[in-house]
Amino acid sequence: MSVKSLINKEVFSPHDEKMLVACQVKRRTKKKIPFLATGGQGDYTTFICLAVTNKKPAHLSITKVKQFPGSSSFVKRSQWSIDQLRQINGIDSNKDCPEFDLLFDTAFDQWVASSSGEKCTFIQILHHTCQRYCSARKPDFLNCHSKLLGEEEQVESVLRRCRRYASRLRKELVSQRSQLVRRGNSILHSAADSVTSAVQKASQALNERGERLGRAEDKTADMMNSAEQFAVTAHKLAMKHKC
C-alpha cells in the first residue's frame, strides 16, 4: 500500500473522510522550535492533504499530517476548513518549480514540494475541488500556470462554442438567402406572367376593337353606296315626270 493510501486509511477514513490529494513538503523557511513534543529536532516528513467528508453536505479541509522518524504511523497536526484558505501562490507561472505558499486566516506557510509534478497535481486538484464545492468565497490562485487552473481548456471551450455558433449562423443565413432568392424568383416569375397576361389581353382587346372598327367602316361604306344609288334613282324619276 502506498504512503498516501496509508494516510487516507489511518487519518481520514476513521472520521468518515476521503483524502483527495496529498503533497509531501518541506518548509522553505524553518521555524525556530527548540524542542518538539516527540523529542526530535524536526527531522520528520510532512504532508499537506486535501480531504472531503463523505456525508452531505460535503465539507473540505486542508490538513497537515506528519510522520516522525522510527514510526510507521501518521499524526494529524493542523487542520483548516476550505473557507479559511485565502490564497494559493504558485510562485512562478512561467516555469515548473516546487515552491508554493498557502495563506489562511490564521496562518501563512511557505512550502517546497518533493517535486514540481507533485506540487502541480496538488494545485490542480485543489483548484478543481474549490470550483466544485465552494459556493461562496473562493480562494485566489496566484502565479499558477493556466493549465493547472483549466483556463486554457475554458478558453478553448468558449472558442469551440463560438465556432459552432458561427457555423450555425452561417448556415441559417445561407438558408434564408436561398429562401429569399427563391421567393424573389417566384415573385419575378409571377410578375412576368401577370405582365404577359395583361399584354395579351390588351392586344386581344385592340384586335377586337380593330375588327369592330373595320365592320363599322364597311357598314358606313355600304350605306354611302346605297344613298348614292338612291339619289341617282330619284333624279332619274324626277326628270322623267318633267318630260
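Residues numbered from 1 in each chain as written. Predicted model: local features only at pLDDT ≥ 70, side-chain atom pairs only at ≥ 80, totals over all residues. Heavy atoms only, no water.

**Considerations on helix 1 (residues 3–12)**
In plain terms, the rule: Only protein chains enter the area calculation, which uses a 1.4 Å probe; residues under 20% of their type maximum are buried, those over 50% are exposed, and those in between are partly exposed. Secondary structure elements follow DSSP: runs of H or I of four or more residues count as helices, runs of E of two or more count as strands, with numbering from the N terminus. As used here, the arc is the angular range of directions from the helix axis to the C-beta atoms. Note on definitions: a residue-residue contact is assigned when non-hydrogen atoms from the two residues lie within 4.5 Å.
Regarding helix 1, the residues found buried are Ile7, Val11 and Phe12. Down the axis of helix 1, the sector holding all buried residues measures 70 degrees, keeping them to one side. In this structure, the buried residues of helix 1 make contact with strand 1 (17–27), strand 2 (45–53), strand 3 (60–67) and strand 4 (75–81).

**So, the nonpolar core**
Generally speaking, soluble globular proteins have nonpolar side chains that are buried together. Rules: Here, the term nonpolar core denotes a set of buried Ala, Val, Leu, Ile, Met, Phe, Trp, Tyr and Cys residues that are joined through side-chain atoms within 4.5 Å.
In terms of nonpolar packing, the biggest core is built from 28 residues, with Ile62, Phe100 and Leu126 touching the most fellow members. Those elements that place two or more of their residues in this core are strand 1, strand 2, strand 3, strand 5 (85–89), strand 6 (99–104), strand 7 (108–113), helix 2 (116–133) and helix 3 (146–149). It is helix 2 that provides the largest number of residues to this core, a total of 5 residues. Ile7, Met19, Ala22 and Val65 belong to the second-largest nonpolar core, a separate cluster that totals 10 residues.

**Section: the sheet that holds strand 3**
Where we set the bar: When DSSP finds two or more bridges between two strands, those strands count as paired. Helix axes are fitted to C-alpha atoms over the stretch in contact, other axes to C-alpha atoms as well, and angles between N-to-C directions run from 0 to 180 degrees.
Read across the sheet, 8 strands follow the order 4-3-2-1-7-6-5-8 without closing on themselves; strand pairing throughout is mixed. Looking at the sheet topology across the chains shown, the edges are occupied by strand 4 and strand 8 (140–142). The mean inter-strand angle of the sheet, taken between neighbouring strand axes irrespective of direction, is 30 degrees. In the sheet, strand 1 pairs with strand 7 via 3 bridges, with the strands oriented antiparallel. In the strand pairing of strand 7, Lys26 is matched with Val112. The sheet strands contacting helix 1 are strand 1, strand 2, strand 3 and strand 4, and the helix crosses strand 1 at an angle near 120 degrees. Of the strands in this sheet, strand 1, strand 2, strand 3, strand 5, strand 6, strand 7 and strand 8 are in contact with helix 2, which crosses strand 1 at around 140 degrees.

**Here's the deal with the pattern of salt bridges**
Two side chains carrying opposite charge are able to pair once their charged atoms lie near each other. Rules: The salt bridge definition used is simple: a Lys or Arg side-chain nitrogen within 4 Å of an Asp or Glu carboxyl oxygen.
Inspection of every chain in the model, using the stated rule, returns 5 salt bridges. When the shortest N-O distance is used, the salt bridge between Glu118 and Lys4 registers 3.2 Å. With Glu118 in helix 2 and Lys4 in helix 1, this residue pair connects regions lying 114 residues apart in the sequence. Its salt-bridge partner being Lys64, residue Asp109 comes within 4.0 Å of it at the nearest N-O pair. Of this pair, Asp109 sits in strand 7 while Lys64 sits in strand 3; the two residues are 45 residues apart in sequence, bridging distant segments of the chain.

**Here's the deal with the packing of aromatic side chains**
Formally: Each Phe, Tyr or Trp ring (for Trp, its six-membered ring) is paired with any other whose centre lies within 6.5 Å, and the angle between the two planes then decides the class: stacked below 30 degrees, edge-to-face above 60, tilted in between.
With the rule as written, the count across this model stands at 4 aromatic pairs. Relative to Phe122, the ring of Phe100 has its centre 5.8 Å away and its plane inclined at 35 degrees; by these criteria the two rings are tilted. Here Phe100 is found in strand 6, whereas its partner Phe122 is found in helix 2, with 22 residues between them in sequence. The exposure classification of Phe100 matches that of Phe122, with both residues buried.

**Quick notes on a positive patch on the surface**
The criterion, for reference: A patch consists of residues exposed above 30% relative accessible area that lack any salt bridge, with like charges linked at up to 9 Å and nonpolar side chains (Val, Leu, Ile, Met, Phe, Trp, Tyr) linked at up to 5 Å. Areas reported here follow the Shrake-Rupley algorithm with a probe of radius 1.4 Å; residue values treat only the protein chains shown as occluding. Charge counting treats Lys and Arg as positive and Asp and Glu as negative, with His and both chain ends excluded. Note that the charge is assigned to NZ on lysines, CZ on arginines, CG on aspartates and CD on glutamates.
Positive charge collects at one region of the surface, where Arg209, Arg212, Arg215 and Lys219 lie side by side. Mapped onto the elements, Arg209 comes out in helix 4 (residues 151–242).

**A word on the side chain of Asn89**
Put simply, the rule is: By the criterion applied in these results, polar contacts are pairs of N or O atoms within 3.5 Å in which, for protein atoms, one can donate a hydrogen and the other can accept it, and in which residues neighboring in sequence qualify only through two side-chain atoms.
By secondary structure assignment, the location of Asn89 is in strand 5. At 2.8 Å, the side chain of Asn89 and the backbone nitrogen of Ile91 are in polar contact. Among the polar contacts listed, one links the side chain of Asn89 to the side chain of Asn143, at a separation of 2.9 Å. Apart from the residues lying within four places of it in its own chain, the contact partners of Asn89 are Phe100, Asp101, Leu142 and Asn143.

**So, the environment of His15**
With respect to the helices and strands, His15 occurs in the loop between helix 1 and strand 1. Given a relative accessible area of 52%, His15 falls into the exposed group. C-alpha of His15 to C-alpha of Asn54: the two residues are 39 residues apart in sequence and 9.3 Å apart in space.

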